[in-house]
Amino acid sequence: MAKPIPKIGSRKNGRIGSRKHARKIPKGVIHVQASFNNTIVTVTDVRGRVISWSSAGTCGFKGTRRGTPFAAQTAAGNAIRTVANQGMQRAEVMIKGPGLGRDAALRAIRRSGILLNFIRDVTPMPHNGCRSPKKRRV
Amino acid sequence: MAYLLHPQLILPCPCGWRHNILAPPSSTATTMSPVLRTGLSGSVHTGEAFARRSRSRSRSVRCMANPRRVKMVAKQIQRELSDMLLTDNVLQFAVLPEASLGADRYLSSLTTISDVEVSSDLQVVKVYVSVFGDERGKEVALAGLKSKAKYVRSELGRRMKLRLTPEIRFIEDESFERGSRVIAILDKIKNDKSLENENRESLDSSAQEDDDNWDDVDPDEGIIYVD
């Protein structure tokens, strides 16, 4: 696997990784992983190499606020801003997981002006594999 | 601490709490509203005076659960329902009819459960559903969900251990749509304002072109729906 992008605390500096490949990619894939407590938005190219990512936590939300749809929206906006400068026009969206971030991030992506080709749901589904964690008792 | 009563008069309360309530004896009309968490309910209705006073109240038994518990149940129901939407085949076919034909991972609409509200006696659950997609997709998804309400209720009862599985009502959630529209309008205003500023400051034609392109792009253009 490629070397992971070094995590930077504040987003004021530019990301180190993006200076390496400053190529123009007209078409890309946006992965949205929406769990109940957080949303992670990753923008990759068609082959899967990551261009930039953003999550509700890196956008400055902490704790329970990371799971809210507003946080998902800002995360998606952040991730796309980096990439819109590189000239991405069309994208395919892959959504993983339950959570409020699914809808909110999709709407933010659509609002940002990038054309959506396809929306796919790639939530991992076992064909009855590992034993799932025990049921929560309420 | 059973005070006096005939054991047959002590019933388990229909709400989820593990307490017992006193059954309304047939002669008098007593009301119970036990709010306690454990053990038997506090007040014991004996004596003629009390019976006379409470006869005016209704005969029904209503239990109010702890508000924290209501929140926990709501959260758990949200998790279960979202999981059901993702994994359960029947529900998915109800929401997205084309999934049954095999167009399975390419979606035309995306359904999300945005909020769950549980009544304080845990009997009625209002599920707010938000659908991403066009008008027809929204109608189809909501109609499909409403038609499967009983199935969803039985599935929920199987997955969650509740004394009485609540009645489920699906309601369309407009808040996402509205919020998105508002933010789009605000963005447009911001863009227009920045466009004006730039025009006023310097005649930079390239910036103008970018902004024009922004406005011309129709966000709905590129979406392909699989029918």
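Treat the numbers as computed from the prediction; the structure is a model and nothing was measured.

### Considering the sheet that holds strand E4 (residues 106-107) of chain B
Thought 1: Read from one edge of the open sheet, 6 strands run E3(A)-E2(A)-E1(A)-E4(A)-E5(A)-E4(B), paired in mixed fashion. This sheet does not close on itself; its edge strands, each paired only once, are strand E3 (50-55) of chain A together with E4 of chain B.
Thought 2: As defined by bridge partners, strand E5 (residues 115-121) of chain A adjoins E4(B) across 2 bridges and the pair is classed as antiparallel. Its bridge partner being in E4(B), A:Ile119 is matched across the sheet by B:Leu107.
Thought 3: Strand contacts of helix H2 (residues 101-111) of chain A: strand E1 (27-34), strand E2 (39-44), strand E4 (90-96) and E5 of chain A, with the helix running at about 150° to E1(A), the strand carrying the most contacts.

### Some words on the confidence of the model for chain A
Thought 1: Summary statistics for chain A give a mean pLDDT of 83 and a share of 84% for residues scoring 70 or more.
Thought 2: Element-level pLDDT for chain A is lowest in E5(A), with a mean of 86, against a maximum mean of 93 in E2(A).

### Focus on the pattern of salt bridges
Thought 1: Taken as a whole, this structure holds 13 salt bridges over all chains when the rule is applied.
Thought 2: Residue B:Glu80 is joined to B:Arg159 by a salt bridge in which the shortest nitrogen-to-oxygen separation is 3.7 Å. One end of the pair, B:Glu80, is in helix H2 (residues 67-87); the other, B:Arg159, is in helix H5 (residues 149-159), with 79 residues separating them in the sequence.
Thought 3: Between B:Glu167 and B:Arg169 there is a salt bridge, and its shortest N-O distance comes to 3.0 Å.
Thought 4: Using a relative accessible area of 34% as the deciding quantity, one classes B:Glu167 as partly exposed.
Thought 5: A cluster of three or more residues bridged by salt bridges with shared partners is formed by A:Lys135, B:Glu80, B:Asp83, B:Glu155, B:Arg158 and B:Arg159.

### Some words on the packing of helix H1 (residues 69-84) of chain A against H2(A)
Residue and element names in this part refer to chain A.
Thought 1: Interaxial distance between H1 and H2 falls to 8 Å at its minimum, and their mutual angle equals 40°. By the angle between their axes, H1 is oblique relative to H2. Once H1 is placed against H2, the crossing between them reads as right-handed. Seen from H1, the contacting residues are Pro69, Ala72, Gln73, Ala76 and Ile80; seen from H2, they are Gly101, Ala104, Ala105, Ala108, Ile109 and Arg111.
Thought 2: The class makeup of the residues in the contact of H1 with H2 is 8 nonpolar, 2 polar and 1 charged.

Rules behind the numbers
Sequence order as written defines the numbering, with residues in each chain counted from 1. Just so you know, chain letters begin at A and ligand numbers begin at 1, following the order they were written in. Whole-chain, interface and lining totals are the exception, using all residues; otherwise, since this is a predicted model, local features are given only for residues with pLDDT of at least 70 and side-chain atom pairs are given and counted only at 80 or more. Side-chain calculation: all heavy atoms of the structure are included, whereas hydrogens and water are not. We call two strands paired when DSSP finds no fewer than two bridges between them. Strands here are runs of E lasting at least two residues and helices are runs of H or I lasting at least four, both read from the DSSP assignment and numbered beginning at the N terminus. By the convention used here, residues are in contact when the closest approach between their heavy atoms is within 4.5 Å. Only the stretch in contact is used when fitting a helix axis, every axis being a line fitted to C-alpha atoms; angles between N-to-C directions are given from 0 to 180 degrees. Values of pLDDT, the confidence the predictor places in each residue, fall between 0 and 100. A pairing counts as a salt bridge when a side-chain nitrogen of Lys or Arg comes within 4 Å of a carboxyl oxygen of Asp or Glu. Under the scheme applied here, a residue whose accessible area is under 20% of the maximum for its type counts as buried, over 50% as exposed, and between as partly exposed, the area being computed with a 1.4 Å probe on protein chains only. Working definition: roughly parallel below 35 degrees, roughly antiparallel above 145 degrees, roughly perpendicular at 65 to 115 degrees, and oblique for all remaining angles. Left-handed describes a crossing in which the near helix is turned anticlockwise from the far one by less than a right angle; the clockwise case is right-handed. Residues are grouped as follows: Ala, Val, Leu, Ile, Met, Phe, Trp, Tyr, Cys and Pro are nonpolar; Asp, Glu, Lys and Arg are charged; every other residue, Gly included, is polar.

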